[in-house]
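Architecture at a glance
Below, each chain spelled out in residue letters.
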Amino acid sequence: MERFDDLDDVLRSCWNLLYKGAVQVKDDFHTPVLATTNGQTPNARTVVLRETIPAERKLVAYSDIRSGKIEDIQQYPHACWVFWNPSKHIQIRATGKVMIHHKDELAAEKWARIAPAKRRDYATTKAPGNPKQFAENDLSPFWNNSVLNSETTDLFFEHFVVLATIIEEIDWLHLHREGHQRAKFYWVKQEWQKMWAVP
Ligand SMILES: Cc1cc2nc3c(=O)[nH]c(=O)nc-3n(C[C@H](O)[C@H](O)[C@H](O)COP(=O)(O)O)c2cc1C
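Quick summary incoming for the structure in this document. (Residues numbered from 1 in each chain as written. Predicted model: local features only at pLDDT ≥ 70, side-chain atom pairs only at ≥ 80, totals over all residues.)

Moving on, we come to the overall build of the protein chain. Within the protein chain one finds four helices and nine strands. For the protein chain, the succession of helices and strands along the chain, N to C, is α-β-β-β-β-α-β-β-α-α-β-β-β. The C-alpha extent of the protein chain, read off along each of the three principal axes, is 60 × 35 × 35 Å. The proportion of buried residues among the 199 residues of the protein chain is 23%. Here the contacts in the protein chain between residues at least 6 apart in sequence split such that 62% fall between residues at least 24 apart. (Helix = DSSP H or I, 4+ residues; strand = E, 2+ residues; numbered from the N terminus. Buried ≥ 20, exposed ≤ 12 C-beta atoms within 10 Å, placed from the backbone. Contact = placed C-beta atoms within 7 Å.)

Listed below in structure tokens is the structure:
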């Protein structure tokens, strides 16, 4: 198995893996864990990595503005993404500040590209996480009774949110038979500080 001996190669490989994770739906990095905090308890959940823009150090997820994670992020905007690739034996933890795009130009641009049927994730009557009486779905009656196209489903745009994290820290771990490898990267004064670390 490949071993790394150059921190620039490691950093490049991190962003390549993160980019591939966003564009390939079957990639192991496509469904990372996104961890937030409310100041007292940690909260972590699986999300879909929708977009990676290496030049902007940006990782993007979509969500519902009413979900619990939004309250966390509004109070404590730093979040940690955790990725694991079992065939490459690589874990990446990427931490940064999350920007919430709600009803703005960027959110509208992403929303326009979501197929009407896929917009059902944002069409529940109650906020995600709220208790409900029955197991059946909680979709707005509109969803079940109307013709679904991009105009009619625009109604649910108000629930849609784009979470864009600008990464400031990367912790890379490579499990290896001949000795695990770990490196850390910190974005300081407009450049990456790079260092090897004890795994
Ligand atoms: C494979 C998978 C992908 C998911 N993708 C997303 C996602 O992209 N955005 C999202 O908000 N929730 C997604 N979820 C649901 C979250 O894990 C979580 O249950 C939900 O967002 C509520 O979390 P919260 O109460 O901490 O906000 C996904 C769950 C799974 C299992």
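A few words on the site of the ligand. Lining the immediate environment of the ligand, one finds 14 residues, of which Arg45, Ser63, Ser67, Gly68 and Lys69 sit closest. For the shell around the ligand, the elements supplying multiple residues, two or more each, are strand 2 (42–46), strand 4 (58–64) and helix 2 (68–75). Each residue belonging to the shell around the ligand can be placed in one class, and the counts come to five nonpolar, seven polar and two charged. (Near = placed C-beta within 6 Å. Nonpolar A, V, L, I, M, F, W, Y, C, P; charged D, E, K, R; others polar.)

Once that is clear, we can look at unusual backbone geometry. Positive phi, normally seen in glycine, also occurs at Lys103, with a value near 55°. Classification of Lys103 as partly exposed rests on a count of 13 C-beta atoms within 10 Å. Positive phi values are uncommon outside glycine, yet Lys189 reaches one of about 50°. By the secondary structure assignment, Lys189 is in the loop between strand 8 (181–188) and strand 9 (191–197). Overall, Lys189 belongs to the exposed group, with 5 C-beta atoms counted inside 10 Å.

What follows deals with the environment of Pro131. By the secondary structure assignment, Pro131 is in the loop between helix 3 (105–112) and helix 4 (141–145). Through-space distance from the C-alpha of Pro131 to that of Ala112 is 30 Å; in sequence the pair is 19 residues apart.

For an α-helix, the turn length of 3.6 residues means that residues three or four places apart are oriented alike. Between its terminal C-alpha atoms helix 1 (residues 7–23) stretches 25 Å, which fits the 24 Å expected from 17 residues at 1.5 Å a residue. Within the span of helix 1, buried status applies to Val10, Cys14, Leu18 and Gly21. Along the axis of helix 1, the buried positions cluster into a sector of 70°, meaning they face one direction only. In helix 1, the exposed residues that point more than 90 degrees away from the buried face are Asp8, Asp9, Arg12, Asn16 and Val23. Where helix 1 is buried, its residues meet strand 3 (51–53), strand 4, strand 5 (78–85), strand 6 (90–102), strand 7 (160–174) and strand 8. (Expected span 1.5 Å × (residues − 1). Arc of directions from axis to C-beta.)

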